[in-house]
Structure formats: C-alpha cells, structure tokens
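# Chain and residue survey
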There are 2 protein chains.
Amino acid sequence: MSFSPLIRQLIDSLRILPGVGQKTAQRMALQMLERDRSGALRLAQALTQAMEGVGHCKQCRSLSEDEVCQLCLDPRRDDSLMCVVEGPMDVYAVEQTGYRGRYFVLKGHLSPLDGLGPEAIGIPELLARIKQGGFSEVILATNPTVEGEATAHYIAQLLANKGLIASRIAHGMPLGGELELVDGGTLAHALAGRRPIGL
Amino acid sequence: MSFSPLIRQLIDSLRILPGVGQKTAQRMALQMLERDRSGALRLAQALTQAMEGVGHCKQCRSLSEDEVCQLCLDPRRDDSLMCVVEGPMDVYAVEQTGYRGRYFVLKGHLSPLDGLGPEAIGIPELLARIKQGGFSEVILATNPTVEGEATAHYIAQLLANKGLIASRIAHGMPLGGELELVDGGTLAHALAGRRPIGL
Ligand SMILES: [Zn+2]
Ligand SMILES: [Zn+2]
C-alpha cells in the first residue's frame, strides 16, 4: 500500500537525517503521528529556529548564534594556541579532549579536482586571523585523509614562510577516518602526540 | 563545552525520534546545520503539515488526511473480511502481507490497571462498524502479548454472542513481540494460520 501524500512527504524529508533509511523513516513518521504530535511540532520549531538563527562566528567560523562565539569570547582560553579543523563538528570533537586554545574552522579541505582551492576553503581568512593574534603554535587538525594531509601541508608551508610553527596531530587515529567519528581518547592521544611538520 | 541554546534545543527535540540517543541527535543536528539547511527546513515544514493535516479515518480509524481513508474507499477490497489491530502502524504491517480486506484500528489494548476499558480503546465503535458491514469473519490481529490476547478474547466473546466468527492470527511470531516490528513473511504466516477462537 502507499502512504498518503503528507505522510509520504514526511518520510521522504526524514531521510535527510544521517543514518536514516526508508524503513527507519517510516517508523519515525508513524510513531510521531500516533504517539507524539506535540513533540513533533516542537521539533519542527526547533529545526526552523536553529536553521534560521545559527550562523558562523566571524572570527573562528564555527557554528554560533552570535557574531562572535563563546569560545572566541572566553578570556580564560590559551591565546597562544590555534587549532585548525575542517568543519564545525570537529570543534566539538576537539573540545572533548580538554584542548583549551583557540580555533579556526576551514570549509573542508583542498580539493583541486572539485575546483576547491585555498580561497574556497578560507585559507586567506585563516592567515588574516593568525596575523591578528599572537599565536606561538598552530595545530593542524584536518582529517587524516589524503586531502586533509595535503591541506595541512599546504598551510604548514605558508606558515613556515612567515616563521610560524605549525604542528600536525599524531596519527593515533586510523588513516582514512573522520575526526568527528573517532572516540575522545584516541583524539586526545593524537593531539598530545602532535609534532612539527617536516617540510 | 556546551552547545549554544538553539543547537541544544534542536538536539533535545531530535531525541523524540525512536532510536535516537544523545550522541546521534548531536550528529544529526550538526550535520543538518553544516550540510543541509534547506533539507532541514523542508523537514520542519513536512512535520508541521503532517501533524496538522493527518487525522484518523472516521470509519476504520487509521491515519488519514481525508475523512474516510483510501483503504475504506477502495471498492476492490474484500468486504467480507475485517482485520482488527491495535494501532495505525499495524495496518501498514498487515498490508504488506497481501491482506486485502477491511480494517478497524483500536486505540491500543485493554489495560484495566491503567483504567483502559472497552470504551477507552474504541470497542463500541468497532461493534457499530461490524454491525454496519456484512463481514463473514473478523480477524483479531492485536499483538501477541498478554494484553493483546486478553483484548482479542474479550472481542471474540462479544462477537460470539452475536453469532459472528472471530479468528485469531497464528502465533507464528514471537510471543511478547510487537506487530509493527515483525518481518512481513512471519506476519503473512501468522495471518494464513489464523483459527477460530475457542472460548
Ligand atoms: Zn568563534
Ligand atoms: Zn478507513
């Protein structure tokens, strides 16, 4: 049998959620309709408010409802350390290791085949931010993938030209993995084992 | 670190979805914010439209956007067979077995300890519907749980008093299970093996 149009539309829309296939989406839709309509309406409102109200911090470019995020505003954090990641989700992952320096969030990694060069991923803004702050070390925490490594090396080269120390998180995590998927202990290990990039 | 208020609200709201814990909700929220805001806004709209637009068929009480649902309106279905289930989700499960009769959807099962008697779960409406149609058999497809069995027996007794045949789906499915969770083959088996209730 086929679902009615509004139920079908809801099932299709739920499939944008990571890890949600057709069967799970059906179950979610019917369960909300039958057991928790007020919760579903609250979810609809929370989605709208978050999508419209959450932007990016103008300083570190992580997700933020304010022009400058709480991490950038916090005066207790270490102003000599900067950690560069590929996306906002990585900030939450690195925070869980106990890191307490500053951040800069790239828009992904360099990907020449897709036409994504330094400008597309925000490297000029990263350099401007580094110039502005008094960082003694820049930790390159892009993903340990081929593209993430290439991006880290590219940035390290630029920083070396300016006499700045760049370090790379250790390969405590599996190659080809994604920062946001790794457990906190492994990531903490990788952070602690960071070393200068040999060019 | 703590998430900003709008992101936290979104994460909390996502947890109403079946099978979604804190970690999964975080991942869903951040991924939508970062990668698919338009999809998330479409989901919000689909949720609102479905919760406001989908009601219950006045004849079989399954989920429906129209006063009388497509299943009840379909002239090709077998008017001599009625299948009674505990909830709208069970209709979709039974449909997948190839059953092509009519339905009646109870509001769950009898639960005297929770104060849920025959009126609370819609048994008077079921009897009115049966009186109206010319059913030769009423298949009781409540869940194979203690409460579902008790509900089936209660209805069978009422129908026997009226000289109507009630049958119970076979126990091809695991006891204590839920209709909506079982695979279609097992449920088809259970439907095919139905037998009259011996009172
Ligand atoms: Zn910031
Ligand atoms: Zn109907």
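Residues numbered from 1 in each chain as written. Chains lettered and ligands numbered in written order. Predicted model: local features only at pLDDT ≥ 70, side-chain atom pairs only at ≥ 80, totals over all residues. Heavy atoms only, no water.

### Remarks on the UniProt feature "zinc finger region: C4-type" (unreviewed entry) in chain A
- Mapped onto this structure's residue numbering, the UniProt feature "zinc finger region: C4-type" (unreviewed entry) falls at residues 57–72 of chain A.
- Secondary structure content for residues 57–72 of chain A is 19% helix and 12% strand, while the C-alpha to C-alpha distance between its ends is 8 Å. (UniProt positions renumbered as here; feature names shortened; annotations may be inferred. Helix = DSSP H or I, 4+ residues; strand = E, 2+ residues; numbered from the N terminus.)

### Concerning the relation of the copies chain B and chain A
- Mapping chain B onto chain A calls for a screw motion: a turn of 180° about the axis and a shift of 0.0 Å along it, with 0.1 Å RMSD after fitting. Expressed as a symmetry operation, the mapping of one chain copy onto the other fits a two-fold axis. Relative to the rotation axis, the C-alpha of Ala44 of chain B is the closest in chain B, positioned 2.0 Å from it.
- Of the residues that chain B buries at the interface, 100% are likewise interface residues in chain A, meaning the two copies contact each other through the same surface. (Least-squares fit on C-alpha atoms with pLDDT ≥ 70 in both. Contact = heavy atoms within 4.5 Å.)

### A word on the pattern of salt bridges
- All chains considered together, the criterion is met by 14 salt bridges over all chains.
- For Glu95 of chain B, the salt bridge goes to Arg100 of chain B, with nearest N and O atoms at 3.3 Å.
- Bridged by salt links that share partners, the residues Arg77, Glu95 and Arg100 of chain A form one connected network. (Salt bridge = Lys/Arg side-chain N within 4 Å of Asp/Glu carboxyl O.)

### A short note on the coordination of the zinc ion (ligand 2)
All names here are of chain B.
- In this structure, Cys57 (SG), Cys60 (SG), Cys69 (SG) and Cys72 (SG) serve as the protein donors to the zinc ion (ligand 2), at separations of 2.3 Å.
- Given 4 donor atoms and angles of 104 to 117° at the metal, the environment of the zinc ion (ligand 2) is assigned as tetrahedral.
- Sequence positions of the donors to the zinc ion (ligand 2) reduce to the motif C-x2-C-x8-C-x2-C.
- For Cys60, a relative accessible area of 2% corresponds to the buried category. (Donors = N, O, S within 2.8 Å, 3.2 Å for Na, K, Ca; no water. Tetrahedral: all angles 85-135°; square planar, octahedral: opposite > 155°, others 65-115°. Buried < 20%, exposed > 50% of the residue type's maximum accessible area, 1.4 Å probe, protein only.)

### Looking at the side chain of Thr142 of chain A
Residues and elements named next belong to chain A.
- Along the chain, the position of Thr142 falls in the loop between strand 5 (137–140) and helix 8 (146–161).
- What makes Thr142 buried here is its relative accessible area of 1%.
- Engagement of the side chain of Thr142 in a polar contact is seen with the backbone oxygen of Gly148, the distance being 2.8 Å.
- Ignoring anything within four residues of it in the chain, the contact list for Thr142 reads Val84, Glu86, Leu106, Gly148, Thr151, Ala152, Arg168, Ile169 and Leu179. (Polar contact = N/O pair within 3.5 Å; in protein donor to acceptor, adjacent residues only side chain to side chain.)

### Examining the coordination of the zinc ion (ligand 1)
Residue and element names in this part refer to chain A.
- Binding of the zinc ion (ligand 1) to the protein goes through Cys57 (SG), Cys60 (SG), Cys69 (SG) and Cys72 (SG), at separations of 2.3 to 2.4 Å.
- Here the donor residues of the zinc ion (ligand 1) share one chain and are spaced in sequence as C-x2-C-x8-C-x2-C. Here Cys57 is found in the loop between strand 1 (55–56) and strand 2 (63–64), whereas its partner Cys69 is found in the loop between strand 2 and helix 4 (70–73), with 12 residues between them in sequence.
- Classification of Cys69 as buried rests on a relative accessible area of 4%.

### Overview of unusual backbone geometry
Residue and element names in this part refer to chain A.
- Phi is positive for Arg61, close to 65°, though the residue is something other than glycine.
- Looking at the secondary structure, you find Arg61 in the loop between strand 1 and strand 2.
- On the basis of relative accessibility, which here comes to 17%, the residue Arg61 falls in the buried class.

### A word on the nonpolar core
- Formed by 50 residues in total, the largest nonpolar core has its most connected members in Leu14 and Leu47 of chain A together with Leu14 and Leu47 of chain B.
- Contributing elements (two or more residues each) for this core: helix 1 (5–14), helix 2 (22–35), helix 3 (37–53) and helix 5 (88–95) of chain A together with helix 1 (5–14), helix 2 (22–35), helix 3 (37–53) and helix 5 (88–95) of chain B.
- In this structure, Tyr99, Val105, Ile169 and Ala190 of chain A belong to the second largest nonpolar core, which totals 23 residues. (Core = buried A, V, L, I, M, F, W, Y, C linked by side-chain atoms within 4.5 Å.)

### Examining helix 6 (residues 123–132) of chain B
All names here are of chain B.
- Residues Ile123, Leu126, Arg129 and Ile130 constitute the buried set of helix 6. Seen along its axis, helix 6 keeps its buried residues to an arc of 115°; they face one direction. Relative to its buried face, helix 6 has exposed residues pointing more than 90 degrees away, namely Lys131 and Gln132. (Arc of directions from axis to C-beta.)

### Let's talk about the environment of Leu127 of chain A
- Within the secondary structure, Leu127 of chain A sits in helix 7 (residues 123–132).
- Once you skip the residues sitting within four places of it in the chain, Leu127 of chain A turns out to touch Leu158, Leu159 and Lys162 of chain A.

### Here we look at helix 3 of chain A
- Given a rise of 1.5 Å per residue, 17 residues ought to cover 24 Å, and the 24 Å separating the end C-alpha atoms of helix 3 of chain A matches this to within 8%.
- Taken together, the buried positions of helix 3 of chain A are Gly39, Ala40, Leu43, Ala44, Ala46, Leu47, Ala50 and Met51 of chain A. Down the axis of helix 3 of chain A, the buried side of the element spans an arc of 165°, and every buried residue falls inside it.
- Those residues of helix 3 of chain A hidden inside the fold are in contact with helix 2 of chain A together with helix 1, helix 2 and helix 3 of chain B. (Expected span 1.5 Å × (residues − 1).)

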